[in-house]
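Chain and residue survey
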2 protein chains.
Amino acid sequence: MTDDAARERHRRRMQRQKEIVDARVAGATLERGVLVVNTGNGKGKSSAAFGMVARALGHGMKVGVVQFIKGSHATGEEAFFRRFPELAYHVMGEGFTWETQDPDLDRRAALAAWGQAAELLADPAFQLVVLDELNIALKLGLVPLDRVLEALEGRPAHQHVVVTGRGAPAALIEIADTVTEMRPIKHAFDAGVKAQKGVEL
Amino acid sequence: MTDDAARERHRRRMQRQKEIVDARVAGATLERGVLVVNTGNGKGKSSAAFGMVARALGHGMKVGVVQFIKGSHATGEEAFFRRFPELAYHVMGEGFTWETQDPDLDRRAALAAWGQAAELLADPAFQLVVLDELNIALKLGLVPLDRVLEALEGRPAHQHVVVTGRGAPAALIEIADTVTEMRPIKHAFDAGVKAQKGVEL
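Each value, and the rule that gives it
- Residues numbered from 1 in each chain as written.
- Chains lettered and ligands numbered in written order.
- Predicted model: local features only at pLDDT ≥ 70, side-chain atom pairs only at ≥ 80, totals over all residues.
- Heavy atoms only, no water.
- Domains from an automatic or database assignment.
- pLDDT = per-residue confidence, 0-100.
- Helix = DSSP H or I, 4+ residues; strand = E, 2+ residues; numbered from the N terminus.
- Salt bridge = Lys/Arg side-chain N within 4 Å of Asp/Glu carboxyl O.
- Buried < 20%, exposed > 50% of the residue type's maximum accessible area, 1.4 Å probe, protein only.
- UniProt positions renumbered as here; feature names shortened; annotations may be inferred.
- Phe/Tyr/Trp six-rings, centres within 6.5 Å; stacked < 30°, edge-to-face > 60°.
- Contact = heavy atoms within 4.5 Å.
- Buried area = accessible area lost by both parts, 1.4 Å probe.
- Polar contact = N/O pair within 3.5 Å; in protein donor to acceptor, adjacent residues only side chain to side chain.
- Least-squares fit on C-alpha atoms with pLDDT ≥ 70 in both.

With that settled, the discussion passes to the domain arrangement of chain A. Along its sequence, chain A is organised into domain 1 (1-29) and domain 2 (31-191). Domain 1 of chain A and domain 2 of chain A are separated by 39 Å when their C-alpha centres are compared.

Below is the structure:
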């Protein structure tokens, strides 16, 4: 095959690809707030939510974040995003639930965090709301699922929401627009590498 | 069961969970740069990489980003992250390859982007390097895989790297520390919702 023939074949293949992509884009015309759920046992559920926070701030959008299950260490993203006045950042008072070992304390902290989340979900000024590790709080029964579903369905029409955490409940997946399962293929941790700044912390 | 008995049962379950987590953490003692690969057909591969950029900037780390396959639109994360002097941000000259339909132009642009990536991978000052959509450039044969593997394996020992894009080659997965497959469960696009600011753009 000559170079010219190869180039022409490439051009036709790319042209076909472009038509497929253009048709898909032309078919997607609705504009509204979407509910995104990042779940599964793999890495990247919260990181992807924080990448969307960066993207939204880049567009000058007002963003709210509530972290439901807080690790015992301060994270880099918290240090980073707290710099921005256009972002409301709430962290649930206590550490991981297996650190506190007190169900009443956990429940009070989770409900306080949910109270902050409910305010964000009722406020049309917030264009993106991240409910980080809410799935864990739901799974542990610390926050009632029916109140979460109600608040999500009643939120302002243009508001985007991201919910993260393994084990997303079926009813949440049902009402979500975009759901991704982060599936672990391998993890450095299993090879004895500790959690590191900029990667996990 | 009395409240006290329930509380005690919860405490013991959480205590056991804490011992498992503590043992796992104690067993992971190595500190070194890790190679993270985000692949699969789902959403969140690049967002998760940019979440890690935020995390690293929160720790005052120096970060380099090369975007290999650039969409035709400016993204929010580009607008956002370009504000930070501690971040080197390179974008490959041309749009999606099915937009240009010229293999020579694509190859030149991809190789120029690879040249910038190779410089970052050789520079110990960069603590985190993101090679966004490199997997696509590899798949299209625009960048030679053997040169990529060699540069990754020869990089400074403490440097973290994130490679994103669907279809990660097996040889890259082989040398990676942490690999996640972003698996699509559902996507708003399929319900006719267009790509939106802060979510996809």
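Time to look at the confidence of the model for chain A. Residue and element names in this part refer to chain A. Per-residue confidence for chain A averages 87 on the pLDDT scale, and 93% of its residues sit at or above 70. The weakest mean pLDDT in chain A belongs to helix H4 (residues 97-100) at 62; the strongest belongs to helix H7 (residues 145-153) at 98. Here the predicted complex carries an ipTM of 0.82, next to a pTM of 0.85.

Time to look at the pattern of salt bridges. Under the definition given, this model contains 18 salt bridges over all chains. For lysine 194 of chain B, the salt bridge identified is with glutamate 31 of chain A, shortest N-O distance 3.7 Å. Of this pair, lysine 194 of chain B sits in the segment after strand S6 (178-186) while glutamate 31 of chain A sits in the loop between helix H1 (3-27) and strand S1 (35-39), which puts the two residues in different chains. Judged by its relative accessible area of 62%, glutamate 31 of chain A falls in the exposed class.

What follows is about the UniProt feature "domain: Cob(I)alamin adenosyltransferase N-terminal" (unreviewed entry) in chain A. UniProt records the feature "domain: Cob(I)alamin adenosyltransferase N-terminal" (unreviewed entry) for residues 2-25 of chain A in the present numbering. Across residues 2-25 of chain A, the secondary structure splits into 96% helix and 0% strand, with the terminal C-alpha atoms separated by 35 Å.

A few words on the packing of aromatic side chains. Residues and elements named next belong to chain B. For the coordinates displayed, the defined rule picks out 16 aromatic pairs over all chains. Measuring from centroid to centroid gives 5.0 Å for phenylalanine 80 and phenylalanine 81, while their planes differ by 75°, and the two rings are edge-to-face. The same class applies to phenylalanine 80 and to phenylalanine 81, which are both buried.

Attention now goes to the interface of chain B and chain A. At the interface, 79 residues of chain B touch 79 residues of chain A. Both sides together, the interface formed by chain B and chain A hides about 7000 Å², and carbon and sulfur atoms give 59% of it. Where chain B packs against chain A, one counts eight salt bridges. We note a salt bridge from aspartate 104 of chain A to arginine 7 of chain B, for which the minimum N-O separation is 3.0 Å. Linking chain B to chain A there are 28 residue pairs in polar contact (both at pLDDT 80 or more). Residue assignment for the side of chain B that touches chain A shows that the elements contributing at least two residues are helix H1 (3-27), helix H2 (45-58), helix H3 (76-81), helix H4 (97-100), helix H5 (103-121), helix H8 (170-175) and S6 of chain B. Among the elements that take part in the side of chain B that touches chain A, H1 of chain B stands out by supplying 12 residues, more than any other.

This part covers the relation of the copies chain B and chain A. The two copies are related by a screw operation: chain B maps onto chain A through 180° of rotation and 0.0 Å of translation along the axis, at an RMSD of 0.0 Å. Seen this way, the second copy is the image of the first under a two-fold rotation axis.

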